[in-house]
Amino acid sequence: MIDMEERIMIENGTRLDGRRFDEVRPIKIEVGVLRNAVGSAYVEWGKNKVIAAAFGPREVHPRHQQSPIKAIVRCNYNMAAFSVPDRKRPGPDRRSSEISKVISDALTGQVFVERFPRTAVDVFVEVLEASAGTRCVALTASSLALADAGIPMRGLLVGCAAGKINGEVVLDLGKEEDNYGEADLPVGIEPMTGEISLMQMDGHFTREEFDKALGLITEASKGIHEMMIEALKRRYSEV
Amino acid sequence: MDTETGTRKKEIVVPGTVLNRDQPDLKAGFGTFREKDDVMAMIIGLKDVRSNYINVIPLSGRYIPQFKKNDLVIGVVEDTNPSSWMVDINSPYPGLLHVNDAPWRVNFGETQKYLDVGDVVLAKVESVNTIKKVMITMKERGLKKLDSGHVIEVVPTKVPRIIGKKGSMIALIKRFTDVRIFVGQNGRIWLQGELDRVELAERAIRMIERYAHMPGLTDEMERFLEAQGDHVPDFTDSEKRQYRGDPDRGPGDERAGSMGGSGTGPREEDIDSELEEGPIDGRSGQARSDEPGRKRQDGARTDAANRPATPGEEELNDDEIKELIDDIVSEYDE
Amino acid sequence: MDRELIPDIERGYISRLIRERKRTDGRGFEEFRPLSVEINPYGSAEGSARVKLGNTDVIVGIKMIIGEPYSDRPASGVLTTVAELRPGASEFFEQGPPKAESIELARVVDRGIRESGAIELDKLCIVEGEKVWVLFIDIHALDFDGNLIDAAGIAAIAALKNATVRASDHEVGDDFPLPVVESPIPVTVYKVGGELLLDANLVEETVAEARLTITMDEKGDIRAMQKGGTANLTVEEVQRAMDLAQKGSNNIRDLLAMD
């Protein structure tokens, strides 16, 4: 139910959960959490809980989808029925299909696909608990899973969103902020170059607000990137 | 500097890591790519510098047969055709075995009489073309259908560690268990022997897979294997969970991983060898020499280490084993 | 790779082991792999549990909505069980709508819970004939290494026992714990190489000639059964399977009680 009164979500620079405008929610990353998948990663981001399983390179099914000269990179984003307050009917829906596509495109840009003609690299992302910004978490987890699987890539991708609440541009919207905010900008970014591999937006931004939002994301992506690297290293240096 | 022998604590790098910040003149070797002045890692692995090249040794990844490597592989027949078989070699690319490359005289349409779906073969990769069509052969000495025994799968990047320096680790296991073992570069291992010995050998291999990065591995292995006489330790919880693939990969993987090496002694790539030249992907193809500084007291050891044995099998006497163990101990212990 | 493509010699190896009363991972015939149960890891669910049985990893989430009762049971809550065998859990799970495997899994787990009366459905009525609690048991496989039925069954009962009916969210009263009065545990007995085993791993499950899932309640009475596989079972084998299932379900019930 949308409350038509304006909700105060940021007061004296403090948001509902105590964060400042440029703070990301707490993130926990664990790489190599599944046995069947060649690579895997589990990411907790705020209340989001997302797991990604990567397979490949492997033979393409159905055959007609294969490319003779390169690998195809396919991400399948799926929300568990119990991941949201109002149970989600199992199975693909339009939103999941769209998210799957934009993540697949972003990941494809990173993978050295020419090295594995006629194969597929598949990542299956399951959202186990959703709390705003799941597609950014999904992109992050997918990138980690691909790295864990030993897939050759130009680099890791960081997913992070920014938005607008009570007229202020803020980083990493939480659930309430996403529901009642004025704009949402999920982005997938190459942390080393600052180049953008995934971007969607809905709501209302002036040009200046957009620049500010993108700036916040770019800045935050560096720290998230460090966390990703640390998690990958940890996976390969502990018994 | 990474070029020193005995540098075991190699740095783990991830895709996108810039590798040549401090050494801008180094060239892009295996597992790396160049963008303008930067040489960057393309896979997760261990940074390795030798001569003028920076390489990244893979810690993960599936087995991809490489052109000219002629890897020894263990395959499972997945399809039969009138004059060929399609063989699963634990790779996204199946191996095609043509009747002309089989050790029998096969008439057209009679392929199933010799190899049927589900049969296991010891074969070699004969060729890999530009679009990764793989041909395998069984026409070399020692290659054959494997009629009984036990096949396990390990992470392909661990294969060099399981084989060990000049085949030493696998020789250790064979010696103590009396089990016949073939280690395929494609991450499949075949074992044959008495049931409890095969069980022991498999557990030993899983231990290597799991603890490969730890120092003192060989002592642990020896203790474990020697105990077989009196009391083999019970399977631990993690063994009962039966690690498939390896959750505990670590640094110290000092071989070229799935992208190089083979089962026979002379072709083992020894990263710590000071005479190693060129990138690990074998572009320079230079001959290997034994390390300097290793006293060669008896010709017998040299022969044993360098003799082109039947793929994967080496017969060593007790003295040779002891020397090999000394080598391993000195290499792996910190 | 086709699930059936286990090398023939490997089948032979397993048979040899079985004849020596051994298994590939050193377990006894009646031994379960290490079991771990995580209670309520997901706040979005009214109840949830994540079970790891060896490398098999499965989540069950409980969701509840208010809906209409069945016309023949106007004062009873409604129960539905659904299973998702996600392709990320195994290269043998395909994308797409539920296949026979996932439907069977859901129905077997459901049967044990329903037939044992584990959930007091008559306590889930809000307005007779109009509004009742509709319960969804969603099984979500994360990693598959055999014996998913048992793992899912354990997760289901663990999730149910720790679930809360969030009546306050729907403004129909105060929250209360989901009334669960039984703990049916499915135990699947696998016939491999002529012998009966518990908790098969993936390879064992693939080569098994037949399997029999027996769901027992706390008293050891039988509430649901399901035979799978193409080979037959003798009556004597069925009786032996019952004994194994009884022992197995008691062991698991003890483990769950300890959490």
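One can find the structure itself at the top, above this paragraph.
Conventions we followed
- Residues numbered from 1 in each chain as written.
- Chains lettered and ligands numbered in written order.
- Predicted model: local features only at pLDDT ≥ 70, side-chain atom pairs only at ≥ 80, totals over all residues.
- Heavy atoms only, no water.
- Helix = DSSP H or I, 4+ residues; strand = E, 2+ residues; numbered from the N terminus.
- Buried < 20%, exposed > 50% of the residue type's maximum accessible area, 1.4 Å probe, protein only.
- Contact = heavy atoms within 4.5 Å.
- Pairing = 2+ DSSP bridges.
- Buried area = accessible area lost by both parts, 1.4 Å probe.
- Polar contact = N/O pair within 3.5 Å; in protein donor to acceptor, adjacent residues only side chain to side chain.
- Nonpolar A, V, L, I, M, F, W, Y, C, P; charged D, E, K, R; others polar.
- Phe/Tyr/Trp six-rings, centres within 6.5 Å; stacked < 30°, edge-to-face > 60°.
- Lys NZ or Arg CZ within 6 Å of the ring centre and 35° of its normal.
- Salt bridge = Lys/Arg side-chain N within 4 Å of Asp/Glu carboxyl O.
- Patch = residues over 30% accessible without salt bridge, like charges linked within 9 Å, V, L, I, M, F, W, Y side chains within 5 Å.
- Areas by Shrake-Rupley, 256 points an atom, 1.4 Å probe, with all protein chains shown as cover.
- Lys, Arg positive; Asp, Glu negative; His and termini not counted.
- Charge placed at Lys NZ, Arg CZ, Asp CG, Glu CD.

## Observations concerning the overall build of chain A
When helices and strands are tallied, chain A shows four helices and 12 strands. Considering chain A as a whole, with its 239 residues, one finds that 60% of them fall into the buried category. Sequence-distant contacts, at least 24 apart, represent 67% of the contacts inside chain A between residues at least 6 apart.

## A look at the sheet that holds strand β1 (residues 12–13) of chain B
The sheet built from four strands is open, its strands ordered β1-β5-β6-β2 (chain B) with mixed pairing. Each edge of the open sheet carries a strand with a single partner, namely β1 and β2 (27–28) of chain B.

## Thoughts on the environment of Val-87 of chain B
Residues and elements named next belong to chain B. Residue position: Val-87 is located in strand β8 (residues 84–88). Residue class for Val-87 comes out buried when judged on its relative accessible area of 0%. In this structure the C-alpha to C-alpha distance between Val-87 and Val-77, which are 10 residues apart in sequence, comes to 4.3 Å. Apart from the residues lying within four places of it in its own chain, the contact partners of Val-87 are Gly-75, Val-76, Val-77, Glu-78, Pro-94, Gly-95, Leu-97, Val-121 and Ile-136.

## Quick word on the interface of chain A and chain B
Taken together, the contact between chain A and chain B spans 33 residues of the former and 35 residues of the latter. Taking both partners together, chain A and chain B bury about 2800 Å²; carbon and sulfur atoms supply 60% of that area. Counting the contacts that link chain A with chain B gives nine residue pairs in polar contact (both at pLDDT 80 or more). When the residues that make up the side of chain A that touches chain B are grouped by side-chain class, the tally is 17 nonpolar, six polar and 10 charged.

## Overview of the packing of aromatic side chains
A full pass over the atoms with the stated rule returns seven aromatic pairs over all chains. With centroids separated by 6.2 Å and ring planes inclined at 75°, the aromatic side chains of Trp-85 of chain B and Trp-104 of chain B adopt a geometry described as edge-to-face. Here Trp-85 of chain B, found in strand β8, pairs with Trp-104 of chain B, found in the loop between β9 (95–98) and α1 (111–114); they are 19 residues apart in sequence, far enough to count as distant. We classify Trp-85 of chain B as buried; its relative accessible area is 0%. With a relative accessible area of 27%, Trp-104 of chain B lands in the partly exposed category. A cation over an aromatic ring shows up here: Arg-87 of chain A above the ring of Phe-136 of chain C, its NZ or CZ 3.9 Å from the ring centre.

## A closer look at the interface of chain C and chain A
The partner chain A presents 25 residues to the 27 residues of chain C that form the contact. Both sides together, the interface formed by chain C and chain A hides about 2100 Å², and carbon and sulfur atoms give 57% of it. The largest share of the area that chain C buries against chain A comes from Ser-44, Lys-63 and Arg-86 of chain C, three residues that together contribute 22% of it. Inspection of the region where chain C meets chain A yields two salt bridges. Its salt-bridge partner being Arg-87 of chain A, residue Asp-138 of chain C comes within 2.7 Å of it at the nearest N-O pair. Put simply, chain C and chain A have 13 residue pairs in polar contact (both at pLDDT 80 or more) between them. Considering every element that reaches the side of chain C that touches chain A, the biggest residue donor is strand β6 (residues 131–143) of chain C, with five residues. In terms of residue class, the side of chain C that touches chain A is made up of 10 nonpolar, eight polar and nine charged.

## Observations regarding the side chain of Asp-172 of chain A
All names here are of chain A. As for its position among the elements, Asp-172 is in the loop between β9 (168–171) and α3 (175–180). According to the relative accessible area criterion, Asp-172 is buried, its value standing at 3%. In this structure the side chain of Asp-172 is engaged in a polar contact, spanning 2.8 Å, whose partner is the backbone nitrogen of Arg-25.

## Structural notes on a negative patch on the surface
A cluster of like negative charges, contributed by Asp-178, Glu-194 and Asp-196 of chain B together with Glu-20 of chain C, occupies part of the molecular surface. If you trace the backbone, Asp-196 of chain B turns up in helix α4 (residues 195–211). Look at Asp-196 of chain B and you get partly exposed, because its relative accessible area is 40%.

## Quick word on the pattern of salt bridges
Within the structure shown, the criterion is met by 44 salt bridges over all chains. Linking Arg-188 of chain B and Glu-153 of chain B is a salt bridge whose minimum nitrogen-to-oxygen distance equals 2.9 Å. Residue Arg-188 of chain B is located in strand β15 (residues 188–192), and its partner Glu-153 of chain B is located in strand β13 (residues 150–153); the two are separated by 35 residues in the primary sequence. According to the relative accessible area criterion, Arg-188 of chain B is buried, its value standing at 2%. By relative accessible area, Glu-153 of chain B is classed as partly exposed at 35%. Here Arg-27 of chain C makes a salt bridge to Glu-204 of chain C, at a shortest N to O gap of 3.7 Å. Linking Arg-27 of chain C in the loop between α1 (8–19) and β1 (35–39) with Glu-204 of chain C in helix α4 (residues 202–207), this pair joins segments that are 177 residues apart in sequence.

## A short note on the side chain of Glu-209 of chain B
Residues and elements named next belong to chain B. Structurally, the position occupied by Glu-209 is in helix α4. A residue is classified by how much of its surface remains accessible, and Glu-209, at 2% relative accessible area, is buried. For Glu-209, the side chain forms a polar contact with the main-chain nitrogen of Val-155, separated by 2.9 Å.

## Structural notes on the environment of Ile-59 of chain C
With respect to the element layout, Ile-59 of chain C can be found in strand β3 (residues 56–67). Judged by its relative accessible area of 0%, Ile-59 of chain C falls in the buried class. As for Ile-59 of chain C and Asp-143 of chain C, which are separated by 84 residues in sequence, their C-alpha atoms are 9.9 Å apart. Discounting residues that sit within four places of it in the chain, Ile-59 of chain C has contacts with Phe-82 and Leu-128 of chain A together with Tyr-42, Ala-49, Arg-50, Asp-138, Ile-139, His-140 and Leu-142 of chain C.

## A look at the pairing of strand β5 (residues 48–59) of chain A
All names here are of chain A. With 11 of 12 residues buried, β5 lies mostly within the body of the structure. Both strand β4 (residues 39–45) and β5 contribute to a ladder of seven bridges, which runs antiparallel. Looking at β5, one finds that Gly-39 is bridged to Ala-54.

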